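Structural description and commentary
Now for the letters of each chain:
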Amino acid sequence: MNYDHDMNMDLVKFGEMPPQAFMLGLLSAFDNRFQACADKFFKEITWKQFFAIICINICKENPTINELSEVMGSSHQNVKQILLKLESKEFVTMIPDENDKRKQRIALTKKCMDFCEKNDAQSKEIIWKIFDGISEEQLVIAIKTIMQMERNISAL
């Protein structure tokens, strides 16, 4: 596929297609391409596994599977499968909740923290390259748009 960065050419590409449909297709295609690129970058784990690690990191306390599922926007079953793979690679461990022993909390291991530290600089460099040529104003508009789409999905 030929990607032209000229805005007018991008608008011509979707022609008669409603911009809402084009945006959803664009987001889906971007997600697929980004996942493939990230999977090649991280040799030891997949992008989805790394995303789970990011989400665990942003939680105020070690999350439960249900809490992590909510943050990741994924089903309990999908998150459980991702965690089982991360656990087998010794990137996460399950620990009993202090207040409710029936609950398991997810904790990152030293091996995971070392992995993140080892890949931090190159990860940041890739992120900067992805957003090259995008102004802060454009980024804020995109963020607001996607957040509104998220709210609309939640209301369905």
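Residues numbered from 1 in each chain as written. Predicted model: local features only at pLDDT ≥ 70, side-chain atom pairs only at ≥ 80, totals over all residues. Heavy atoms only, no water.

What follows is about the packing of aromatic side chains. With the rule as written, the count across this model stands at nine aromatic pairs. Aromatic side chains F50 and F115 sit 6.3 Å apart centroid to centroid with 70° between the ring planes, which places their arrangement in the edge-to-face category. Of this pair, F50 sits in helix α3 (residues 47–58) while F115 sits in helix α6 (residues 110–130), and the two are 65 residues apart along the sequence. Both residues of the pair, F50 and F115, count as buried. Each residue in the set F30, F34, F41, F42, W47, F50, F51, F91 and F115 is aromatic and connected to the rest through ring pairs, giving one cluster. (Phe/Tyr/Trp six-rings, centres within 6.5 Å; stacked < 30°, edge-to-face > 60°. Helix = DSSP H or I, 4+ residues; strand = E, 2+ residues; numbered from the N terminus. Buried < 20%, exposed > 50% of the residue type's maximum accessible area, 1.4 Å probe, protein only.)

What follows is about unusual backbone geometry. Of all residues except glycine, most have a negative phi; of all peptide bonds, most are trans. Of note, the phi angle at E90 is positive, near 65°, even though the residue is not glycine. Residue position: E90 is located in the loop between α5 (76–88) and β1 (92–96).

Looking now at the nonpolar core. One finds I45, I53, L68, L83, L86 and I106 to be the most contacted residues of the largest nonpolar core, which totals 25 residues. At the level of elements, α2 (19–41), α3, α4 (65–72), α5, β1, β2 (104–108) and α6 are the ones that each hand at least two residues to this core. Examining the composition of this core, we find that six residues originate from one element, α3, more than from any other. Excluding residues within four positions of it along the chain, I45 makes contact with F50, I53, L86, K89, F91 and F115. (Core = buried A, V, L, I, M, F, W, Y, C linked by side-chain atoms within 4.5 Å. Contact = heavy atoms within 4.5 Å.)

Next up on the list: the side chain of N119. With respect to the secondary-structure elements, N119 resides in helix α6. Of the residues examined, N119 reaches a relative accessible area of 9% and is grouped as buried. Within the structure, N119 has its side chain in polar contact with the backbone oxygen of F115 (distance 2.8 Å). With sequence-adjacent residues up to four places away left out, N119 is seen in contact with F41 and F42. (Polar contact = N/O pair within 3.5 Å; in protein donor to acceptor, adjacent residues only side chain to side chain.)

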